[in-house]
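Structural features, examined
One-letter residues, chain by chain:
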Amino acid sequence: MATSDCIFCKIVEGEIPSTKVYEDEHAIAFQDLYPAAPVHILVIPKKHIASLDAATKEDQERLGHLLLTVQRVAREQGLDQKGYRVVNNMGDDGGQTVHHIHFHLLGGRSLTWPPG
Ligand code: 5GP
Ligand code: ZN
């Protein structure tokens, strides 16, 4: 998928509105439009990477930063004491619907396991 067709690239550019909760040079975090838990935030790199499978060695530092951004946002949301879940869906069987890599940060209730 071309970057110009990507809704998350449009959110990065501000062409599609979102409720941002965090932003820095390399990452943004915003509220999921269809929350599956009391806290449901998406953490994405500003760079378009289609999926975890599409990431390369060049993205190593960016992905590490992304995960620490999840940690930071989770603390800011007050989730660190009771816990939370971090999800990355990859490909069709993984349930990926937006082809710009993202971590779901889910919390605010006791989450069941295994997922469906
Ligand atoms: P995936 O299914 O690819 O793992 O997750 C994509 C997520 O993006 C879904 O949870 C969906 O609710 C969310 N989403 C899809 N379109 C938009 C949008 O335009 N804005 C926001 N904030 N979230 C979106
Ligand atoms: Zn994108």
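Here, the structure is the one placed above.
Within every chain, residues take consecutive numbers counted from 1 along the sequence as written. Chains carry letters and ligands carry numbers; both start at the beginning, A for chains and 1 for ligands, and go up in the order they are written. Local features are withheld for residues below a pLDDT of 70 in this predicted model, meaning they are given only at 70 or higher, and side-chain atom pairs are given and counted only at 80 or more; totals for whole chains, interfaces and linings count all residues. Computation of side-chain values covers all heavy atoms of the structure but excludes hydrogens and water.

1. What about the coordination of the zinc ion (ligand 2)?
Our working rule: Each metal site lists N, O and S donors within 2.8 Å (3.2 Å for Na, K and Ca). With water left out of the atoms, a site can look as if it is missing ligands. Square planar and octahedral sites, with four and six donors, are those where opposite donors lie more than 155 degrees apart and all other angles lie between 65 and 115, tetrahedral sites have four donors with every angle between 85 and 135 degrees, and the rest are irregular. In DSSP terms, a helix is any run of H or I states spanning at least four residues, a strand is any run of E spanning at least two, and both are numbered starting from the N terminus. Summary of the burial criterion: residues with accessible area below 20% of their type's maximum are buried, those above 50% are exposed, and those between are partly exposed, where the area comes from a 1.4 Å probe applied to protein chains only.
Looking at the zinc ion (ligand 2), one finds its protein donor set to be Cys6 (SG), Cys9 (SG), His48 (ND1) and His100 (ND1), positioned 2.0 to 2.3 Å from the metal centre. Considering all four donor atoms around the zinc ion (ligand 2), the spread of angles at the metal, 106 to 115 degrees, places the coordination shape in the tetrahedral class. Donor residues for the zinc ion (ligand 2) sit on one chain with the sequence pattern C-x2-C-x38-H-x51-H. With a gap of 42 residues between them, Cys6 in the segment before helix H1 (7-13) and His48 in the loop between strand E3 (39-45) and helix H2 (60-76) connect regions that are remote in the sequence. Its relative accessible area of 0% is what places Cys6 among the buried residues.

2. Some details on the site of ligand 1
Where we set the bar: Throughout, near means a residue has at least one heavy atom within 4 Å of the molecule or strand. Pairs of N or O atoms are called polar contacts if they sit within 3.5 Å, as long as, within protein, a hydrogen donor faces a hydrogen acceptor (for residues adjacent in sequence, only side-chain-to-side-chain pairs). Each accessible area is a Shrake-Rupley estimate made with a 1.4 Å probe; only the visible protein chains count as cover when residues are assessed.
Neighbouring ligand 1 are 16 residues, the closest being Gln31, Asp32, Asn89, Thr97 and His104. With respect to ligand 1, the backbone of Gln31 contributes an N or O atom lying 2.9 Å from a nitrogen atom. One nitrogen or oxygen atom from the main chain of Gly95 is found 3.0 Å from an oxygen atom belonging to ligand 1. Computed on the free molecule, ligand 1 has an accessible area of 520 Å², of which 85% lies beneath the protein chains in the complex. Only H1 and strand E2 (27-31) provide two or more residues apiece to the shell around ligand 1. Top element by residues in the shell around ligand 1 is H1. It accounts for three residues.

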